[in-house]
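Residue strings, one per chain:
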Amino acid sequence: MKRKGNLCGIFAMALILVLTLVLSVGSVSAAEPTIVDSGNCGANGDNITWTLDDAGTLTISGEGEMAEYTYTNDSLSKKYITSAPWGNRVKSVSIQDGVTSIGSWAFLRCTDMTSVTIPDSVTSIGNSAFSSCAGLTSVTIPNNVTSIGTAAFDECTGLKTVTIPDSVTIIKNGTFAHCTGLTSVTVPDSVTSIGGSAFSGCTGLTSVEIPNSVTSIGDYAFSYCTGLTSVTIPDSVTSIGDWAFSDCTGLKEVIYNAKAITDGSYAFKGAGTAAVGMEVIFGESVKEIPNDLFYDCAGLTSVTIPDSVTSIGDYA
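Everything numeric in this text was worked out from a predicted model, so none of it was measured.

What counts as what
Residues numbered from 1 in each chain as written. Predicted model: local features only at pLDDT ≥ 70, side-chain atom pairs only at ≥ 80, totals over all residues. Heavy atoms only, no water. Pairing = 2+ DSSP bridges. Helix = DSSP H or I, 4+ residues; strand = E, 2+ residues; numbered from the N terminus. Axes fitted to C-alpha atoms, helices over the stretch in contact; angles between N-to-C directions. Core = buried A, V, L, I, M, F, W, Y, C linked by side-chain atoms within 4.5 Å. Buried < 20%, exposed > 50% of the residue type's maximum accessible area, 1.4 Å probe, protein only. Contact = heavy atoms within 4.5 Å. Salt bridge = Lys/Arg side-chain N within 4 Å of Asp/Glu carboxyl O. Polar contact = N/O pair within 3.5 Å; in protein donor to acceptor, adjacent residues only side chain to side chain. pLDDT = per-residue confidence, 0-100. Phe/Tyr/Trp six-rings, centres within 6.5 Å; stacked < 30°, edge-to-face > 60°.

Enquirer: Lay out the sheet that holds strand β18 (residues 230-233) with the relevant residues and their values.
Expert: Strand order in this open sheet of 4 strands is β18-β20-β22-β24, and the pairing throughout is parallel. Each having just a single partner strand, β18 and β24 (300-304) make up the two edges of the open sheet. Averaged over all neighbouring strand pairs, the angle between strand axes comes to 10°, with direction disregarded. Both β18 and strand β20 (residues 253-256) contribute to a ladder of 4 bridges, which runs parallel. Paired with serine 230 across the two strands is glutamate 253, which belongs to β20.

Enquirer: Let's hear about the sheet that holds strand β11 (residues 147-148): which residues, and what values?
Expert: Strand order across the open sheet formed by 3 strands is β7-β9-β11, with parallel pairing between neighbours. Taken across any chain shown, the strands that pair with only one partner, and hence form the sheet edges, are β7 (101-102) and β11. Here 2 bridges tie strand β9 (residues 124-125) to β11, and the two strands are oriented parallel to one another. In the sheet register, serine 124 faces β11, and the bridge partner there is serine 147.

Enquirer: Any details on the nonpolar core? Residues and values, ideally.
Expert: Judged by nonpolar contacts, the single largest core of 83 residues is most densely connected at Trp86, Phe107, Phe130 and Phe268. Where this core is concerned, the elements lending two or more residues are β2 (45-53), β3 (57-62), β6 (92-95), β18, β20 and β22 (278-282). For tryptophan 86, the contacting residues outside a window of four places in its chain are Cys41, Trp50, Leu58, Ile60, Met66, Tyr69, Ala106 and Phe107.

Enquirer: I'd love a proper account of the pairing of β20, names of residues and values included.
Expert: Strand residues, when the strand is regular, have side chains that alternate between the two faces of the sheet. Side chains Val254 and Tyr256 project from β20 onto a buried face, and the interleaved Glu253 and Ile255 project onto a face without burial. Pairing geometry for β20 and β22, over 4 bridges, is parallel. Residue tyrosine 256 lies in a different strand from β22, and its bridge partner there is phenylalanine 282.

Enquirer: Tell me what's going on with the pattern of salt bridges, and back it up with residues and numbers.
Expert: According to the stated counting rule, one finds 2 salt bridges in the structure shown. For aspartate 37, the salt bridge identified is with arginine 89, shortest N-O distance 3.0 Å. Taken as a pair, aspartate 37 in strand β1 (residues 35-42) and arginine 89 in the loop between β5 (80-82) and β6 lie far apart in primary sequence, 52 residues in all. Notably, a salt bridge pairs lysine 269 with aspartate 296, separated by 3.6 Å at the nearest N-O pair. One end of the pair, lysine 269, is in the loop between β21 (262-263) and β22; the other, aspartate 296, is in the loop between β23 (288-289) and β24, and 27 residues separate them in sequence. A relative accessible area of 25% means that lysine 269 is categorised as partly exposed.

Enquirer: Any chance you could break down the environment of serine 302 for me, citing the residues and the numbers?
Expert: With respect to the secondary-structure elements, serine 302 resides in strand β24. When the C-alpha atoms of serine 302 and glutamate 253 are compared, they prove to be 9.6 Å apart, with 49 residues separating the residues in sequence. If we ignore the near neighbours within four places in the chain, the residues touching serine 302 are Met278, Glu279 and Val280.

Enquirer: So what's going on with the side chain of serine 200? Residues and values would help.
Expert: Within the fold, serine 200 resides in the loop between β15 (193-194) and β16 (207-209). For serine 200, the side chain forms a polar contact with the side chain of serine 223, separated by 2.9 Å. Non-local contacts of serine 200, meaning those with residues more than four positions away in its chain, are made with Ala177, His178, Tyr220, Ala221 and Ser223.

Enquirer: Summarise unusual backbone geometry; cite the residues concerned and give the values.
Expert: In the Ramachandran plot, lysine 78 falls in the positive-phi region, its phi being about 65° despite a non-glycine side chain. Looking at the secondary structure, you find lysine 78 in the loop between β4 (71-73) and β5. Phi is positive for histidine 178, close to 60°, though the residue is something other than glycine. Along the chain, the position of histidine 178 falls in the loop between β13 (170-171) and β14 (184-186).

Enquirer: Summarise the confidence of the model for the protein chain; cite the residues concerned and give the values.
Expert: For the protein chain, per-residue confidence averages 90 on the pLDDT scale, and residues scoring 70 or more make up 90% of the total. Counting interchain partners and residues more than four positions distant, the pLDDT-below-50 stretch residues 21-28 has 0 contacts.

Enquirer: Quick rundown of the packing of aromatic side chains? Include the residues and the values.
Expert: Under the criterion given, the structure shown has 19 aromatic pairs. Look at phenylalanine 153 and phenylalanine 176: their rings are 5.5 Å apart centre to centre, the planes differ by 5°, and that puts the pair in the stacked class. In this pair, phenylalanine 153 sits in the loop between β11 and β12 (161-163) while phenylalanine 176 sits in the loop between β13 and β14, placing the two residues 23 residues apart along the sequence. The pair phenylalanine 153 / phenylalanine 176 is uniform in exposure class, with both members buried. Looking at phenylalanine 176, the relative accessible area reads 1%, which means it is buried.

Enquirer: Go over the pairing of β3 with me, naming the residues and quoting the values.
Expert: Across 5 bridges, β2 lies against β3 in antiparallel orientation. Following the sheet pairing, threonine 51 is matched in β3 by threonine 59. Counted along the chain from β2 to the antiparallel partner β3, the turn is 3 residues long, and its residue glycine 56 has a positive phi close to 90°. Sheet analysis places β3 next to β6, joined by 4 bridges and oriented parallel. Across the sheet, the residue bridging to isoleucine 60 is isoleucine 95, located in β6.

Structure (structure tokens):
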């Protein structure tokens, strides 16, 4: 009996030891990411530094502006990528407070990048900075950003939401062009100009609010936004570019309040379809209906023209 008791005791001790080892292994934290590359990326050399870890997280820190980059041909994909030293290895970006700009082409075609953190210290985003970052689904642009470069988010096809801060006054050419996943955009009251092709080819865009602060809408600004169902042109607008809303085949309603327009050839050419039908309402502030404004709109079913209108242009 004594031997049996000893065996039970030994077995119990062994069991406790095994459980202790299992629990201790389970409590070990995951290994910290390993830095695989690093260097300088500041406009003045070492004022900004970068590190890239083995998880693909790029951390940019320091004081002042980032360097400006261009693009280079990637030997594997045969496509242009950023000339920045991290190439297209980036999966997430953490920009630290103190950095004041994001360089042009800095993350061009970083297609695996899914997130970016931009601090309040950043005041400008360079040309094509995030162009063709297809994995990026959302971006919060801080309120201190006053300049967003040409084509800054062009072809970010995964981008669903974007917040444009009140500090921005101009949406430049091609800024959000071909962002096919983008469904809605609110343009802040600070914006006075929407550049050429700014939202061209945003086929998922269903609504857009153009505030009374906007005075000009550039060529092709919303062309081929086939999902767009309604648009209101405020009376502050004095210039609509050629083909600005052309081929927006989903348009069902256009409320047009612009008092006087320069340019605007074929501004809504091909908008709406016969299957969908489109209604156009001119506001009481409208005096002139420009040439070619709704040229080739086969789906136009209803037009309301107020007494304020004194002239209707050729092929309107």
